[in-house]
Amino acid sequence: MNWINNYVRPRINSIFSRRETPENLWTKCSECGTMLFHREVSENLNVCTNCDHHMHITPRDRFSALFDGGVFNEVKVPAPAADPLQFRDQKKYPDRLRAAQKLTEENEAMLVALGDIGRTPIVACAQDFSFMAGSMGMYVGNAIIAAAEEAIKLQRPLILFSAAGGARMQEGILGLMQMPRTTIAVQMLKEANLPYIVVLTHPTTGGVTASYAMLGDVHIAEPNALIGFAGARVIEQTIRERLPEGFQRAEYLLEHGMLDRVTPRTQMRDELITITRMLMGLPPAVRGDLPPPDEVSEPQQEEVAAAPKVDS
């Protein structure tokens, strides 16, 4: 009886009352290997608190941190043909799209939104690298054109966050044709005298770099972001020379005049507010509002009125 009470029953109770630990409590930094508490990482905008490595962040999370109060309105983007080339490699193209939509819970690789940053109205669009490597297909081209048209209609600056591996191979020449389409959209902004600011995030490569990602009035990059057209290995094999240390990284491009700024993600919002208001000819942003004056009760008002006045 003692054996049952002392061992068996507690053992059974411990099995049935055991609580499973959530798997998403900790995140491992891919750069330094530090285990980070997920809430701490989220509050720091997915930047490692140990080594400042900038990890992947979704467009929605980025916009929530960018816009005032995290409030923004999505801009509807015209949907292109689903599978114009009937492309198939190991999987059918529609199957890949559905898998990416399930993984990211987004319709496509770019999100367009309206909102205010520092009380400055803007249009913003951001690519999601986790959606088929943020590849530039017809939808991305439509999204940039829709963003440019919305910016012109509302007379707002356009801020674009790029993150892509290049054009989408499943759409072939139709994907490559987004390079001239998006270039025309950027030209529309320039003709309307509206600022176009590009924030290059890790990675920005291929046809994206060769088109709208490098046509901004101001180019800002996140630290250590990979930015380039062809891969470093392809370049080395072509020119038969060893590339310098840090080639195609944000700091290297800044040093060689390809970028205007390299700004940490946690400081990006303030940087964009300052630059946007300066380009729009607006006064500096108000960093904080004074609290409203406290209501004075009637007895206090009588005491203030009855207080003797001191001659100056």
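See above for the structure.
Definitions and cut-offs
- Residues numbered from 1 in each chain as written.
- Predicted model: local features only at pLDDT ≥ 70, side-chain atom pairs only at ≥ 80, totals over all residues.
- Heavy atoms only, no water.
- Helix = DSSP H or I, 4+ residues; strand = E, 2+ residues; numbered from the N terminus.
- Buried < 20%, exposed > 50% of the residue type's maximum accessible area, 1.4 Å probe, protein only.
- Areas by Shrake-Rupley, 256 points an atom, 1.4 Å probe, with all protein chains shown as cover.
- Arc of directions from axis to C-beta.
- Contact = heavy atoms within 4.5 Å.
- Salt bridge = Lys/Arg side-chain N within 4 Å of Asp/Glu carboxyl O.
- Disulfide = S-S within 2.5 Å.

### A few points about the overall build of the chain
- Within the chain, the regular secondary structure consists of eleven helices and nine strands.
- A total of 312 residues make up the chain; the buried ones form 39% of that total.
- Summed over all atoms, the accessible surface of the chain reaches about 18,800 Å², with 53% contributed by carbon and sulfur.

### So, helix α3 (residues 59-66)
- Those residues of α3 not exposed but buried are Pro-59, Arg-62, Phe-63 and Leu-66. Take α3 and look down its axis: the buried residues cluster within an arc of 95 degrees, on one side only.
- Lining the buried residues of α3 we find β4 (110-117), β5 (120-127), β6 (158-164), β7 (196-204) and α10 (265-279).

### Regarding unusual backbone geometry
- Residue Pro-203 follows His-202 across a cis peptide bond; omega there is -15 degrees.
- Its location among the elements puts Pro-203 in strand β7.
- One non-glycine residue, Gln-86, adopts positive backbone phi at about 50 degrees.
- With respect to the helices, strands and loops of the structure, Gln-86 is situated in the loop between β3 (73-74) and α4 (93-104).
- For Gln-86, a relative accessible area of 63% puts it in the exposed group.
- Positive phi values are uncommon outside glycine, yet Ala-133 reaches one of about 60 degrees.
- As for its position among the elements, Ala-133 is in the loop between β5 and α5 (138-154).

### A closer look at the pattern of salt bridges
- Overall, the coordinates contain eleven salt bridges when judged by the stated rule.
- Close ionic contact of Glu-222 with Arg-62 constitutes a salt bridge, the shortest N to O distance being 3.0 Å. Of this pair, Glu-222 sits in the loop between β8 (218-221) and α8 (232-239) while Arg-62 sits in helix α3; the two residues are 160 residues apart in sequence, bridging distant segments of the chain. For the pair shown, Glu-222 and Arg-62 are each scored as buried.
- In this structure, Arg-269 engages Asp-68 in a salt bridge whose closest nitrogen and oxygen atoms are separated by 3.0 Å. A residue pair is termed long-range when its members are at least 10 positions apart, and Arg-269 in helix α10 and Asp-68 in the loop between α3 and β3 qualify at 201 residues.

### Details of the state of the cysteines
- Taken as a whole, this structure holds zero disulfides when the rule is applied.
- Here Cys-51 stays unpaired: no disulfide links it, and the sulfur of Cys-32, its closest cysteine neighbor, is 3.6 Å away.
- The exposure class of Cys-51 is partly exposed, given its relative accessible area of 31%.

That is the geometry; function is a separate question.
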